[in-house]
Amino acid sequence: MSSESQPTPKQPLHPSIIPRLDPEYVEFHNKHIIHLTPPHTLPWDPSIRNAPAVPGTSEPLKVAKTQDFDLPKARFRAFTPEGEKPDGGWPWIGGWTLGNIGSETHFSTNMAVHARCVVISVDYRLAPENPYPAAVEDAVDALDWVVNNGAKELGINPNRIAVGGSSRYILIFYQKCNLIKDKFSGGNLAAILALKAAQAQPPIPLLFQLLIVPVTDNTASVSDLWADNALSPWLTPERMMWFRNNYLPNKEDWTKWDASPIFAPEELLKKVPKAWIGVCELDILRDEGVKYGEKLKAAGVEVEVEVYKGAPHPVMAMDG
């Protein structure tokens, strides 16, 4: 093929970032991602959500049962693993713009099978049609549903609940557990859900929070927390601002703790469960995830922070 007929790269890797990236990611990016059109460069149309949020995901695993349930303004999908239900019931696990109820089936079924838990994937309302706080409201509705109906409808143990999320999806789980799972802003919504559970009357006793590449500070920019990774691939500052402006069109909302959990008061932070925070070394969200871990530790919460070397933002979903 002549050079004139080769397509123009739409997401080329910046030369300065290539030596810092894991070589396996560089190879995958140049083969599968470099010619994809970034969604934030297109005129908005809901059909953009039909494309895979991240390429390179694994195939879904076989589970015993998949069920859909309605929430007041959203819905969720529950994945139950094969095998005999444990005594007391199954444990349970549970941006803002892209994805759908089937986007993370590969992750949900992997969690259900390997963690031996019920996984709930929340199809929360998406921006820009449904901006903040719609996603938070739907996440809270999902948690309330599980606490009040999970034992009867899904055979889950309501005393073994944790929350977690990666990028768009959120989870609710605990070790061999029960899970509520969300999408792009999942790490963000999971952190907020842990705070909401602690604030509830009576409080909902969560046991753990799993925060993977979370958005914790919606005031971050290339002038501060994003500076070191402003040229990293996939989640560029421009794409992240597209997500933020779709979900949080009113700038005065950026510092509310149920949009940016790093602004939660210390007295509330003290009440959340222990946390594991996973961030990617070459992700613009790295530093805000690390700083949220530091703030939780300062409040007395047990926290482990893991930094994945040479990795950009999407690798957590590229398990295929």
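Provided above is the structure to which this section pertains.
Counting of residues starts from 1 at the beginning of each chain's written sequence and follows it residue by residue. Residue-level local features of this predicted model are given only where pLDDT is at least 70; pairs of side-chain atoms are given and counted only at 80 or more, and the full residue set underlies all totals for whole chains, interfaces and linings. By convention in this description, side-chain values take in all heavy atoms of the structure and omit both hydrogens and water.

Caption draft 1: Inspection of the nonpolar core at higher detail. Each nonpolar core is a collection of buried residues, namely Ala, Val, Leu, Ile, Met, Phe, Trp, Tyr and Cys, held together in the definition by side-chain atoms within 4.5 Å. Each residue's exposure class comes from its accessible area (1.4 Å probe, protein chains only) as a fraction of the maximum for that residue type: buried when under 20%, exposed when over 50%, partly exposed otherwise. Ile 120, Tyr 292 and Leu 296 are the most contacted members of the largest nonpolar core, which has 55 residues in total. Broken down by element, the residue count for this core peaks at 9 residues, all from helix α4 (residues 186-199). Discounting chain neighbours no more than four positions away, the residues touching Tyr 292 are Ala 191, Leu 195, Leu 211, Thr 216, Pro 261, Ile 262, Leu 269 and Ile 277. Every helix listed is a DSSP run of H or I at least four residues long, and every strand listed is a run of E at least two residues long, numbered separately from the N terminus. We call two residues contacting when some pair of their heavy atoms lies within 4.5 Å.

Caption draft 2: Here's a closer look at the pairing of strand β1 (residues 65-70). For two strands to be treated as a pair, DSSP must find at least two bridges joining them. By the bridge criterion, 6 bridges tie β1 to strand β2 (residues 75-80) in an arrangement that is antiparallel. Within the sheet, the bridge partner assigned to Asp 70 lies in β2 and is Arg 75. If you look at the hairpin formed by β1 and β2, you'll find 4 residues sitting between the two strands.

Caption draft 3: The pattern of salt bridges, seen in detail. Only one rule defines a salt bridge in this text: a Lys or Arg side-chain nitrogen within 4 Å of an Asp or Glu carboxyl oxygen. Within this structure, the stated rule accounts for 11 salt bridges. Close ionic contact of Asp 228 with Arg 20 constitutes a salt bridge, the shortest N to O distance being 3.3 Å. What makes Asp 228 partly exposed here is its relative accessible area of 42%. The closest approach of N and O atoms between Arg 77 and Asp 68, which form a salt bridge, is 2.7 Å. Taking the relative accessible area as the measure of exposure, Arg 77 reaches 19% and is therefore buried. Given a relative accessible area of 43%, Asp 68 falls into the partly exposed group. The network of salt bridges with common partners includes Arg 20, Asp 228, Arg 286 and Asp 287.

Caption draft 4: Main features of the environment of Ala 151. Looking at where Ala 151 falls in the secondary structure, it is placed in helix α3 (residues 134-154). On the basis of relative accessible area, Ala 151 is assigned to the partly exposed category, the value being 42%. Ignoring sequence-local partners within four residues, the contact set of Ala 151 consists of Val 146, Ile 156 and Pro 158.

Caption draft 5: Structural view of the packing of α3 against α4. Between the N-to-C directions of two axes lies an angle of 0 to 180 degrees, each axis being a line fitted to C-alpha atoms and, for a helix, fitted only over the stretch in contact. It is the contact of α3 with α4, at a shortest axis distance of 10 Å, that shows an interaxial angle of 60°. Taken together, α3 and α4 sit at an angle that is classed as oblique. Note on packing geometry: the crossing formed by α3 with α4 is right-handed. Seen from α3, the contacting residues are Ala 135, Val 136, Ala 139, Val 140 and Leu 143; seen from α4, they are Leu 189, Ile 192, Leu 193, Lys 196 and Ala 197. Should an angle lie under 35 degrees it is considered roughly parallel, over 145 roughly antiparallel, and from 65 to 115 roughly perpendicular; all remaining angles are considered oblique. By convention, the crossing between two helices is left-handed when the near helix turns anticlockwise from the far helix through less than a right angle, and right-handed when the turn is clockwise.

Caption draft 6: Spotlight on the pairing of strand β9 (residues 275-282). The buried fraction of β9 is high, at 7 of 8 residues. Of the strand pairs in this sheet, strand β8 (residues 209-212) and β9 are connected by 4 bridges, and their pairing is parallel. Paired with Leu 210 across the strands is Trp 276, a residue of β9. Here 7 bridges tie β9 to strand β10 (residues 303-312), and the two strands are oriented parallel to one another. The residue bridging Val 279 from the neighbouring strand is Val 307, located in β10. Since β9 and β10 lie parallel, the crossover through helix α7 (residues 286-298) that links them has a hand, and here it is right-handed. Note on handedness: a clockwise path from strand one over the helix to strand two, with the strands aimed away from the viewer, defines a right-handed crossover.

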